[in-house]
Amino acid sequence: MYDVIVVGARPAGAATAMLLARRGLRVLAVDRARFPSDTLSTHQVQPSGTERLRRWGLLDRLLAAGTPATERVRFDLGGTVLQGRFPEGVLYSPRRTVLDAILVDAAREAGAEVREGFHVAGLVWDDRGVAGIRGRDGTELRAPVVVGADGKHSLVAKEVAAPVQRNVAPRTVASYAYWEGVEHWAGGEQRHGELYHRPGRAVAAFPTNDGLTMVYAAAPIDEFGTWRTDVEGHLLATLDQCGDLGERVRAGRRVERLRTTVDLPNVVRRAQGPGWFLAGDAGLVMDPVTAQGIGNALADAELLAETIAGGRTDYQRRRDAARLPIFGLTTGLAALRPARGLNAVLLKAIARREASTEQFLGVFAGTVPVRTFRRSVPRMLVQRARGWAVA
Ligand SMILES: Cc1cc2nc3c(=O)[nH]c(=O)nc-3n(C[C@H](O)[C@H](O)[C@H](O)COP(=O)(O)OP(=O)(O)OC[C@H]3O[C@@H](n4cnc5c(N)ncnc54)[C@H](O)[C@@H]3O)c2cc1C
């Protein structure tokens, strides 16, 4: 008998299992995958997420795997360039083969049992609610609490019929791959993460393990028909719109296949019910344009540990309060439309001041709440207007 069974053992599930086991609970985590295992996902872990890994004693393992730090970001929006460091912390972009295996090992070391290659086919119920899981091979395993950390097509969410709170239709097609030998942006002394927004396009280029650069491009989902006819051609043509990025990538060598997906839903589900919780993408998934998913999964794990082991009852409220503002921002950005009107003025105002740029980057880093940033907007606009008055 276990206290908690966790379905899924990547960022949300393995971290939840680790934290609960560290608090002395008997935990089983199961995953149909075997680790180390890649998954269809890039992997910028925002500074709030890497700070959690540091607190949990796992950041050194990422560094030992040769994961490079990204301390500065250059966000080129066409007319405006925001460039600076995160207000707190550092972004790392570890391959999922590296990150997910570190988390699974840490869960085991904490005392959780982790069963790999275990495919959950359904849930076990009693008159109180969810009471366990049933494997494909018919095995039944029981626990008073089951956590669905089983990703965006969560079986646990389906079985408990978790109500959908928000649903925005998928907006983008995304392609990415890894290149070696990509020079970093020449304007920077230090290696930058590079982000570009162009009308109908979003691009990211971040250093990752083994000296590789991960390059990602997104286009509106209704262009998928033409995009898929020549993914590399469309991706490189997109990079050619981003300063010298296209040139620098072409000068390197692509070392892995291109991966493309339109499976990019934006869905918020109720995350808590009798005998069950949802963590990570199972409970809230959003377009990767703002690279929030892994950090969110780690944050959910912490909230869940405080709830299940710490006797709190407000997981749903705290999850929604922390994630819904950035969900709105992300689905807006995933429309891939250029900033206009007041937003364009605001971005110019932000770009003028280092402190404002850091605040803005802090929203995506997960270290500045969206609400705090919004409160500083009028001041930024006044400063911008004063700048115009003296210009
Ligand atoms: C193209 C793309 C790019 C992305 N880029 C970023 C980025 O740069 N930064 C970022 O933070 N996020 C990014 N994301 C999002 C990120 O991948 C997810 O948010 C993150 O993986 C969520 O972690 P999770 O643990 O909730 O779920 P997952 O990583 O999806 O893990 C779920 C696990 O559950 C297991 N599972 C599912 N069903 C069952 C079952 N029935 N039985 C047993 N096991 C099961 C699966 O095998 C899987 O291992 C990206 C996503 C995509 C698609």
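What you are looking at is a predicted structure, and each value in this text was computed from that prediction instead of being measured. (Residues numbered from 1 in each chain as written. Predicted model: local features only at pLDDT ≥ 70, side-chain atom pairs only at ≥ 80, totals over all residues. Heavy atoms only, no water.)

1. Focus on helix α12 (residues 354-365)
Residues three or four positions apart in an α-helix share a direction because the helix packs 3.6 residues into each turn. For α12, spanning 12 residues, the distance from its first C-alpha to its last is 16 Å, which sits close to the expected 16 Å at 1.5 Å a residue. Residues of α12 that are buried: Ser-356, Thr-357, Phe-360, Leu-361, Gly-362, Val-363, Phe-364 and Ala-365. A positive backbone phi angle near 80° is found at Gly-366, which sits one or two residues after α12. (Helix = DSSP H or I, 4+ residues; strand = E, 2+ residues; numbered from the N terminus. Expected span 1.5 Å × (residues − 1). Buried < 20%, exposed > 50% of the residue type's maximum accessible area, 1.4 Å probe, protein only.)

2. Observations regarding the packing of aromatic side chains
Counted according to the given criterion, the structure contains 5 aromatic pairs. Considering the side-chain rings of Phe-75 and Phe-360, the 6.1 Å spacing of their centres and the 25° angle between planes classify their relative orientation as stacked. Separated by 285 residues along the polypeptide, Phe-75 in strand β4 (residues 72-76) and Phe-360 in helix α12 bring together distant segments of the chain. Phe-360 matches Phe-75 in its accessibility class, with the two residues each being buried. Here the aromatic rings of Phe-277 and Tyr-315 are separated by 5.7 Å at their centres, their planes lie at 85°, and the arrangement is edge-to-face. Note that Phe-277 is positioned in strand β21 (residues 276-278) and Tyr-315 in helix α10 (residues 315-333), a separation of 38 residues in sequence. Across this residue pair, the class does not change: Phe-277 and Tyr-315 are buried. Taken together through their ring pairs, the aromatic side chains of Phe-75, Phe-360, Phe-364 and Phe-373 make up a single cluster. Sitting over the ring of Tyr-178, Arg-95 keeps its end group 3.7 Å from the ring centre. (Phe/Tyr/Trp six-rings, centres within 6.5 Å; stacked < 30°, edge-to-face > 60°. Lys NZ or Arg CZ within 6 Å of the ring centre and 35° of its normal.)

3. Some details on the site of the ligand
Around the ligand there are 28 residues in total, and Asp-31, Ser-41, Thr-42, Asp-281 and Ile-294 lie nearest to it. Here an oxygen atom of the ligand and a side-chain polar atom of Arg-10 are 2.8 Å apart. Separating a nitrogen atom of the ligand from a backbone N or O atom of Arg-32 is a distance of 3.1 Å. Residue assignment for the shell around the ligand shows that the elements contributing at least two residues are α1 (11-22) and α9 (293-308). Split into classes, the residues belonging to the shell around the ligand amount to 10 nonpolar, 11 polar and 7 charged. (Near = heavy atom within 4 Å. Polar contact = N/O pair within 3.5 Å; in protein donor to acceptor, adjacent residues only side chain to side chain. Nonpolar A, V, L, I, M, F, W, Y, C, P; charged D, E, K, R; others polar.)

4. Some words on the nonpolar core
The tendency in soluble globular proteins is for nonpolar side chains to be buried as a group. Ile-133 and Val-147 are the most contacted members of the largest nonpolar core, which has 66 residues in total. Ranked by the residues each element gives to this core, the list is headed by α1, at 8 residues. (Core = buried A, V, L, I, M, F, W, Y, C linked by side-chain atoms within 4.5 Å.)

5. Structural notes on the pattern of salt bridges
In the structure shown here, the tally under the stated rule is 29 salt bridges. One salt bridge in this structure joins Asp-100 and Arg-96, with 3.0 Å as the shortest N-O distance. Of this pair, Asp-100 and Arg-96 both sit in helix α4 (residues 96-109), 4 residues apart, which is roughly one turn of the helix. The same class applies to Asp-100 as to Arg-96, namely buried. The network of salt bridges with common partners includes Asp-38, Arg-95, Glu-256 and Arg-259. (Salt bridge = Lys/Arg side-chain N within 4 Å of Asp/Glu carboxyl O.)

6. Observations concerning the sheet that holds strand β8 (residues 120-126)
Pairing within the open sheet is antiparallel, and its 3 strands lie in the order β8-β9-β10. Lying at the two open borders of the sheet, with one neighbouring strand each, are β8 and β10 (140-142). Recorded for the sheet is a direction-independent mean angle of 35° between the axes of neighbouring strands. (Pairing = 2+ DSSP bridges. Axes fitted to C-alpha atoms, helices over the stretch in contact; angles between N-to-C directions.)

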